[in-house]
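# Geometric and topological summary
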Amino acid sequence: MKNGLKFLTVSLVAFGLGLTAGNYAISDVPCNCKIAVVDVQKVVASSAQVKNLQAEQNKQGQELAKFIDTAKANLQKEKDEKKRKALEEKYNKEFQAKRAAIIKNHETKTKEIDKNITAIIDSKAKASGYNLVLAKGVVLSGGTDITDEIAKQVK
């Protein structure tokens, strides 16, 4: 019983010292960090590059729809079953290749736009002396909002 009481006493003292030391360490942290926030969705929505990419994607989607319509019409015209199956296979391969090229192009351009926006945010943060830049959606309060300045540079 005495051993259990000693262990409990030592544990409580150690816990109290740890809690006190932790509070002391936190209270002495200097707050000289300059923080900025950016509404990334607003920056992306106002980007001319993103608008151009969306327009290009819409155009490519329309071209793909025309290709499908043409393929369907040609398949309906073909009466021979073997030729129709061969033609259908040919159109499926062409469709898959065109679709893959569109997706790859979109991914490449999206990565380039993301790199560009990130570089602009990074250079603005460094030029203005910010130590940390956070997305506005994850910050409840505080930080200097530099969204408009970034959006102007992104255009």
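Before reading further, recall that the structure is shown in the block above.
Quick summary incoming for the structure in this document.

Basis of the calculations
Each chain has its residues counted from 1, running along the sequence as written. Confidence filtering applies because this is a predicted model: local features only for residues at pLDDT of at least 70, side-chain atom pairs given and counted only at 80 or more, and all residues used for totals across whole chains, interfaces and linings. To obtain the side-chain values, all non-hydrogen atoms of the structure were included, while hydrogens and water were left out. A run of DSSP states H or I qualifies as a helix once it reaches four residues; a run of E qualifies as a strand once it reaches two. Both are numbered from the N-terminal end. Here, residues are in contact when the closest pair of their heavy atoms is within 4.5 Å. By definition, a salt bridge exists where a carboxyl oxygen of Asp or Glu is found within 4 Å of a side-chain nitrogen of Lys or Arg. An axis is simply a line fitted to the C-alpha atoms; with a helix, the fit covers only the stretch in contact. Between two such axes, the angle follows the N-to-C directions and lies from 0 to 180 degrees. Roughly parallel refers to an angle under 35 degrees, roughly antiparallel to one over 145, roughly perpendicular to one between 65 and 115, and oblique to any angle outside these ranges. Surface patches are defined over residues having more than 30% relative accessible area and no salt bridge, joining like charges when they lie within 9 Å and nonpolar side chains (Val, Leu, Ile, Met, Phe, Trp, Tyr) when within 5 Å. Accessibility throughout is a Shrake-Rupley quantity obtained with a 1.4 Å probe, and a residue counts as covered only by protein chains that appear here. Think of it in three bands: with a 1.4 Å probe and only protein chains considered, a residue is buried below 20% of the maximum accessible area for its type, exposed above 50%, and partly exposed in between. The criterion for strand pairing is that DSSP finds at least two bridges linking the strands in question. Pairing of aromatic rings covers Phe, Tyr and Trp, the last through its six-membered ring, and needs centres within 6.5 Å; plane angles under 30 degrees mean stacked, over 60 mean edge-to-face, and all others mean tilted. To sit over a ring, a charge needs its Lys NZ or Arg CZ within 6 Å of the ring centre and within 35 degrees of the ring normal.

The next subject is the side chain of S46. Assignment of secondary structure puts S46 in helix α2 (residues 40-46). Apart from residues no more than four positions distant in its own chain, S46 is found in contact with K51, A151 and K155.

Taken as a whole and assessed by the stated rule, the structure comprises seven salt bridges. A salt bridge links K42 to D148; its shortest N-O distance comes to 3.0 Å. On the criterion of sequence distance, the pair formed by K42 in helix α2 and D148 in helix α5 (residues 147-154) is long-range, its members being 106 residues apart.

Here we take up the packing of helix α3 (residues 48-77) against helix α4 (residues 81-128). The axes of two packed helices give the description: the angle between them and the distance between them. At a closest axis distance of 11 Å, the pairing of α3 and α4 adopts a crossing angle of 180 degrees. Relative to α4, α3 is oriented roughly antiparallel.

Together, I35, L132, L134 and V138 make up an exposed nonpolar region whose accessible area comes to about 310 Å². Within the fold, L132 resides in strand β2 (residues 132-135). Judged by its relative accessible area of 36%, L132 falls in the partly exposed class.

A word on the sheet that holds strand β1 (residues 35-38). Strands sit in the order β2-β1-β3 across an open sheet of three strands; the sheet is parallel. Unpaired on one side and paired on the other, β2 and β3 (144-145) mark the two borders of the sheet.

Before going further, it helps to spend a moment on the packing of aromatic side chains. Here the structure, examined in full by the defined rule, presents one aromatic pair. The interplanar angle of 80 degrees and the centroid separation of 5.9 Å between the aromatic rings of F67 and Y91 together place this pair among those described as edge-to-face. With a gap of 24 residues between them, F67 in helix α3 and Y91 in helix α4 connect regions that are remote in the sequence. Judged by its relative accessible area of 13%, F67 is buried. The residue whose ring lies beneath K34 is Y130, and the NZ or CZ to ring-centre distance is 4.8 Å.

Read these as geometric descriptors, not functional statements.
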